Amino acid sequence: MIEQKEYARRRKQLMRIVGDEAICIVPAAPERVRNNDSHYPYRQDSDFHYLTGFGEPEAVLALIPGREHGEQILFCRERDPEREAWDGARAGAEGAVADYGMDDAFPIGDIDDILPGMIEGRTRVYYHFGRDVEFDTKLIGWVNRAREAVRRGVRAPHEFVALGHVLHDLRLYKTRSELRVMRRAAKIAADAHARAMRTVCAGMNEHEIEAELLHAFRKQGAVPSYEPIVAGGANGCVLHYRANNAPLKDGDLLLIDAGAEVDCYASDITRTFPINGKFSAAQRALYDIVLAAQRAAIAEVRPGRPFIAYHDAAVRVITAGLIKLGLLKGSVQKNIEEGAYRRFYMHKTGHWLGLDVHDVGDYRIDGEYRELEPGMVVTVEPGIYIAPDAKGVDAKWRGIGIRIEDDVVVTRGEPEILTSSVPNDPDEIEALMAEARA
Ligand code: GLY
Ligand code: MN
Ligand code: MN
């Protein structure tokens with residue numbers, strides 16, 4: 001759990017950056033209807049969560065640095081015993097102040113009357129324009145109301161700034177307590193992958209393995225951080241495979257890309273292993289390349305290295321390995337220059353990880369890849385995918401899709417691998433699977 005004082009620290013930090021002439025307006029995620037009166041599972045907006053830890057919908061945070069009558073204001077749902085009997089407890093305005101460290105709080109129904117007055121006198125509005133058209137329209141209405149005050153000699157906003165620009169840079173550097181939560185999300189996902197390795201056998205269906213993952217997540221109170229990919233055989237070559245409904249065949253590999261979310265923080269793991277517990281020679285040859293690529297990449301996850309360095313390292317190892325196996329021809333350099341390796345490795349080697357699976361934060365600054373710094377967390381996920389109909393490729397390679405993905409923290413010393421409790425070494429995978437079958 002992240003403590004309230006940390007959320008307060010984040011709000012203060014943001015207010016310090018935006019300055020006394022600004023107002024930041026951050027809405028909670030809207031509830032989304034699935035059909036009729038059924039909703040999708042509610043997931044708080046990551047930015048709103050980062051600044052409040054407040055889990056309810058229908059809320060808006062206003063940060064107004066230097067405001068005499070309170071800088072941190074929450075608009076939220078009122079207490080309502082009848083509604084709470086149906087939908088569960090609400091914090092209410094009193095709870096927002098007492099339990100969430102707000103200076104003041106108001107019913108969300110009063111926002112049209114109150115917020116324009118708070119915007120008056122501020123020259124800059126920080127907000128996520130274009131994320132929620134309905135809210136954009138409301139905001140324009142409030143700003144226009146505030147502009148009416150210009151006649152009374154009050155200043156009105158004339159600058160609109162993308163909130164993400166400042167906030168997402170803060171989110172990029174994880175604190176000790178964030179890393180604690182991320183370690184737990186990683187451990188739960190790692191345990192789920194190990195459970196899948198122990199359980200799988202030929203004749204099962206992909207959805208049965210998905211059920212094992214979900215069981216492991218929910219048993220520990222986590223939810224999936226994205227829809228799990230459970231892809232047997234050639235389905236592993238479909239990068240965003242989500243059907244998860246094919247039978248698992250003896251002799252095929254199983255690629256699982258599944259992560260857990262704890263207190264809104266994500267983990268993101270991929271493991272690829274043989275359904276019958278033993279890699280074939282061809283599978284092992286390709287697997288060894290991907291693993292070597294991942295190890296070379298992780299060695300580049302260090303302070304001062306440009307973000308792209310670990311991708312480049314993985315590409316070099318994969319390209320050299322594919323040439324050695326005869327899947328690519330010519331020199332490593334030429335294959336990389338011409339992008340020939342992309343036929344078998346078509347995605348990047350990773351992304352920021354945090355509250356979002358593909359977490360926020362710029363990858364480049366002024367056009368140049370930014371340098372890694374302690375506290376940043378990335379995934380390292382090289383792969384090789386030989387399509388089942390790949391032309392000019394020996395049949396023994398076709399339909400093999402392999403990815404190995406771990407979550408790695410940049411530290412002052414060695415990279416910290418959050419997800420190492422589920423093996424990615426092929427001998428260790430085979431040993432774990434053999435033990436479960438003994
Ligand atoms: N699971 C999404 C990704 O690996 O990027
Ligand atoms: Mn990933
Ligand atoms: Mn993934």
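Before reading on, note that the structure itself is shown above.
In this numbering scheme, every chain counts its residues from 1 along its sequence in written order. In the order they appear in the text, chains get letters beginning with A and ligands get numbers beginning with 1. In keeping with the predicted nature of the model, local features appear solely for residues at pLDDT of at least 70, side-chain atom pairs appear and are counted solely at 80 or more, and the whole-chain, interface and lining totals rest on all residues. Excluding hydrogens and water, the side-chain figures rest on all heavy atoms present in the structure.

(A) Representation of the pattern of salt bridges. Here, a salt bridge means any side-chain nitrogen of Lys or Arg that lies within 4 Å of a carboxyl oxygen of Asp or Glu. Evaluation of the coordinates by the stated rule reveals 32 salt bridges. Here E6 makes a salt bridge to R9, at a shortest N to O gap of 3.7 Å. Of the two residues, E6 and R9 are both situated in helix α1 (residues 4-18); the distance of 3 residues between them amounts to about one turn of the helix. Between K187 and D191 there is a salt bridge whose closest N-O contact spans 3.0 Å. Here K187 and its partner D191 are both found in helix α8 (residues 176-199), 4 residues apart, which amounts to about one turn of the helix. Classification of K187 as partly exposed rests on a relative accessible area of 41%. Numbering of helices and strands runs from the N terminus, with a helix taken as a DSSP run of H or I at least four residues long and a strand as a DSSP run of E at least two residues long. For every residue, the accessible area (1.4 Å probe, protein chains only) is compared with the maximum for its type, and the residue is labelled buried under 20%, exposed over 50%, or partly exposed between those bounds.

(B) Structural view of the coordination of the manganese ion (ligand 3). Within the first shell, the manganese ion (ligand 3) binds the protein through D257 (OD), D257 (OD), D268 (OD) and E405 (OE), at distances of 2.1 to 2.5 Å. Coordination shells were defined by N, O and S atoms within 2.8 Å of each metal, extended to 3.2 Å for Na, K and Ca; water is absent from the atom set, which can make sites look incomplete. For four-coordinate sites, all angles between 85 and 135 degrees define a tetrahedron; for four- and six-coordinate sites, opposite donors beyond 155 degrees with the remaining angles between 65 and 115 define square planar and octahedral shapes respectively, and all other cases count as irregular. Relative to the metal, the 6 donor atoms surrounding the manganese ion (ligand 3) lie at angles of 56 to 168°, and the coordination shape comes out irregular. Look at where the donors of the manganese ion (ligand 3) fall in the sequence and you get D-x10-D-x136-E. Separating the manganese ion (ligand 3) from the manganese ion (ligand 2) is a gap of 3.3 Å, bridged by D268, which donates to each. Placement of the pair is D268 in the loop between β13 (265-266) and β14 (269-274) and E405 in the loop between β19 (400-403) and β20 (406-409), with a sequence separation of 137 residues. Assessed through its relative accessible area of 0%, E405 is described here as buried.

(C) Highlighting the pairing of β19. The two faces of β19 match: I400 and I402 on one face and G401 and R403 on the other face are all buried. By the convention used here, strands pair only if DSSP detects at least 2 bridges between them. Sheet topology places strand β18 (residues 383-386) next to β19; 4 bridges connect them, and they run antiparallel. When the sheet's bridge partners are listed, G383 is paired in β19 with R403.

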